[in-house]
Each structure stands twice: as structure tokens, then as C-alpha cells.
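Topology and contacts: notes
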Amino acid sequence: MKNVLILFFFITLLSSCNNFEMKDLYGSWSSENIEFTFNEDKTMTCRIGSLNEKGRFRPFGNTIELVNAEEKVLTRITIKSLKDDQLVIDLPNIGSNIYTLKRVK
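What you are looking at is a predicted structure, and each value in this text was computed from that prediction instead of being measured.

Rules and cut-offs
Residues numbered from 1 in each chain as written. Predicted model: local features only at pLDDT ≥ 70, side-chain atom pairs only at ≥ 80, totals over all residues. Heavy atoms only, no water. Pairing = 2+ DSSP bridges. Helix = DSSP H or I, 4+ residues; strand = E, 2+ residues; numbered from the N terminus. Axes fitted to C-alpha atoms, helices over the stretch in contact; angles between N-to-C directions. Phe/Tyr/Trp six-rings, centres within 6.5 Å; stacked < 30°, edge-to-face > 60°. Buried < 20%, exposed > 50% of the residue type's maximum accessible area, 1.4 Å probe, protein only. Salt bridge = Lys/Arg side-chain N within 4 Å of Asp/Glu carboxyl O.

**Quick word on the sheet that holds strand E6 (residues 73-83)**
Think of a sheet as strands paired side by side through backbone hydrogen bonds, with each pair either parallel or antiparallel. The 8 strands lie next to each other as E1-E2-E3-E4-E5-E6-E7-E8, forming a closed barrel whose pairing is antiparallel. Neighbour to neighbour, the strand axes of the sheet diverge by 35° on average, direction disregarded. The pairing of strand E3 (residues 43-48) with strand E4 (residues 51-60) spans 6 bridges and is antiparallel. Residue pairing in the sheet places Arg-47 in a bridge with Asn-52 of E4.

**Details of the packing of aromatic side chains**
Summed over the entire model, instances satisfying the criterion amount to 2 aromatic pairs. For the ring pair Phe-36 and Phe-38, a centre distance of 5.4 Å and an interplane angle of 25° mean the geometry is stacked. With 5.0 Å between their ring centres and 75° between their planes, Phe-38 and Phe-57 make a pair best called edge-to-face. Placement of the pair is Phe-38 in strand E2 (residues 34-38) and Phe-57 in strand E4, with a sequence separation of 19 residues. The burial state of Phe-38 is the same as that of Phe-57; both residues are buried. Taken together, the aromatic side chains of Phe-36, Phe-38 and Phe-57 make up a single cluster linked through ring pairs.

**Notes on the pattern of salt bridges**
Under the definition given, this model contains 6 salt bridges. For Asp-24, the salt bridge identified is with Lys-23, shortest N-O distance 3.4 Å. A relative accessible area of 29% means that Asp-24 is categorised as partly exposed. The class of Lys-23 is exposed, set by a relative accessible area of 58%.

Below, the structure is given as C-alpha cells:
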């Protein structure tokens, strides 16, 4: 019973850390060098520079982990904000790299 309560607390804590609604993330997003498509079934496609990948994504608070078809983690992105048709992400490399993407309609 104690483990169930700890798990419930942990899940509640993670879900309260989101600064966006997951349903608002679904769809295609684009900027000059980056494109993402996030689907409701947690599949995704992405283009980051010359890298083109298909796979899935795992949300974790404000972080999205991108996993390719070979089950290797490509990267993690942090959602800084998601309002209307504007998605601001931090795509860490060695330092912080902030990008603003627009929803593709």
C-alpha cells in the first residue's frame, strides 16, 4: 500500500509540472531547421538539421524524450511554452538552445 501511495504521489507531481496540455502538443511544428510531428498514439517524426527520424516520444513533465525506431534515445527537448500556435523548446546540446516553432496547418 505504501508503494502505491508513493507511485500516486510521483505521478501527480509529474503531471502537475506540465506548463502545457498534452493534447495541444499533437500536430506538426516547424521552424527553419527543425520540424516535429507528434501524434496522439505517441509516435513522432522529426527533422533536426539533416537528421530525419521516425519513432515515438515519451513525455516526462515538461520534457519530451525522442526515441527512434531502433529504440535509441535521440534527444530530450524541454517545452518552455506552448501557447496557441507557438511552441518554444529548449534543445540542449552542450548548452541551451532555444527555438520557436510554429504550428503547421
